[in-house]
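Secondary and tertiary structure notes
Residues per chain, in single letters:
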Amino acid sequence: MSVIRTVEELEALYGVPQAASTAKEVDRITPHYRAFIEASPFAVLATSGPEGLDCSPRGDLPGFVRIADDRTLMLPDRRGNNRVDSLRNIVRDPRVALLFLVPGSGTTLRVNGRAHLSTDATLLESFAVEGKPPRSVMVVAVESVYFQCARAIIRSELWNPERHVDPASLPTPGQILAALTEERVGGEAYDQAWPEKARQTMW
């Protein structure tokens, strides 16, 4: 089996980046890039820690990631499952990456930087929804920002309703948990209770 083992071998195969691939990368949030962040209701957060890598979805109303200035982003940590994998990583390794998606747009936006977690009471309160502030806010010092071309979205037809998968064709969370725990956790009762539980704990 042929395996690429050096950067030189990789570059020999792929060549050098086109001018547009490097010209688009900057160290700040420009007005054009601001538009994507403010329109995005969904981002994927990548972090790294001693146990390995983590990639976690983050979603809220469009603009949920606050632009404090052209080199600083703020992201509230909303209610979840309390695994805190991403947060655990950040307190030990501040490097983070964000991938913003905008429904209907093929272009995605990537932000790399270094983050810390803030529990400043005033800051938390400024992110409150329905009177419920987040428990922490991730503050990202931006190091690089650039857009990703639309090929992946186009190939996947991600926004095409005709390609949407019927959720009923997939295993439910309750079924997965039941199978992994010999019915100790999960099951039909879990699936039935989840919508109301999510509604009550969304924020």
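Placed above this text is the structure.
Anyway, here's the lowdown on the structure attached to this text. (Residues numbered from 1 in each chain as written. Predicted model: local features only at pLDDT ≥ 70, side-chain atom pairs only at ≥ 80, totals over all residues. Heavy atoms only, no water.)

Topic: a nonpolar patch on the surface
- On the surface, Ile-4, Leu-10, Leu-13 and Tyr-14 cluster together into a nonpolar patch covering about 450 Å² of accessible area.
- Here Leu-10 shows up in helix 1 (residues 7–14). (Patch = residues over 30% accessible without salt bridge, like charges linked within 9 Å, V, L, I, M, F, W, Y side chains within 5 Å. Areas by Shrake-Rupley, 256 points an atom, 1.4 Å probe, with all protein chains shown as cover. Salt bridge = Lys/Arg side-chain N within 4 Å of Asp/Glu carboxyl O. Helix = DSSP H or I, 4+ residues; strand = E, 2+ residues; numbered from the N terminus.)

As for the pairing of strand 1 (residues 42–49)
- The pairing of strand 1 with strand 2 (residues 52–59) spans eight bridges and is classified as antiparallel. Bridge pairing in strand 2 places Phe-42 opposite Gly-59.
- Hairpin connection between strand 1 and strand 2: a loop of two residues separates the two successive antiparallel strands. (Pairing = 2+ DSSP bridges.)

Some points on the sheet that holds strand 5 (residues 95–101)
- Reading across the sheet, the seven strands line up as 2-1-5-6-7-4-3 and stay open at both edges, with antiparallel pairing between neighbours. If you trace the sheet from one side to the other, it starts and ends with strand 2 and strand 3 (66–69), each paired once. Put simply, the sheet's adjacent strands are angled 30 degrees from each other on average, direction ignored.
- Examined bridge by bridge, strand 6 (residues 108–118) and strand 7 (residues 137–148) share 11 bridges and lie antiparallel to one another. Paired with Thr-108 across the bridge in strand 7 is Gln-148. (Axes fitted to C-alpha atoms, helices over the stretch in contact; angles between N-to-C directions.)

A look at the environment of Phe-147
- Following the sequence through the fold, Phe-147 ends up in strand 7.
- By relative accessible area, which is 30% here, Phe-147 ends up partly exposed.
- For the pair formed by Phe-147 and Phe-100, sequence separation is 47 residues and the distance between their alpha carbons is 9.3 Å.
- In this view, Phe-147 contacts Lys-24, Tyr-33, Thr-107, Thr-108 and Leu-109; residues no more than four positions away in its chain are not counted. (Buried < 20%, exposed > 50% of the residue type's maximum accessible area, 1.4 Å probe, protein only. Contact = heavy atoms within 4.5 Å.)

Comments concerning the pairing of strand 6
- Alignment of strand 5 against strand 6, held across six bridges, turns out to be antiparallel. The partner of Ala-97 across the bridge, within strand 6, is Asn-112.
- The loop that links strand 5 with its antiparallel partner strand 6 comprises six residues; one of these, Gly-104, has a positive phi angle of about 95 degrees.

Some details on the pattern of salt bridges
- Evaluation of the coordinates by the stated rule reveals 13 salt bridges.
- A salt bridge links Glu-38 to Arg-34; its shortest N-O distance comes to 3.1 Å. Of the two residues, Glu-38 and Arg-34 are both situated in helix 3 (residues 31–39); the distance of four residues between them amounts to about one turn of the helix.
- In this structure Arg-34 comes out as partly exposed when scored by relative accessible area, which is 32%.
- In this structure, Arg-83 engages Asp-85 in a salt bridge whose closest nitrogen and oxygen atoms are separated by 2.7 Å.

Some words on the side chain of Ser-40
- Secondary-structure assignment places Ser-40 in the loop between helix 3 and strand 1.
- With a relative accessible area of 1%, Ser-40 lands in the buried category.
- At a separation of 2.7 Å, a polar atom in the side chain of Ser-40 contacts the main-chain carbonyl oxygen of Leu-101. (Polar contact = N/O pair within 3.5 Å; in protein donor to acceptor, adjacent residues only side chain to side chain.)

By themselves, these observations are geometric and do not establish any function.
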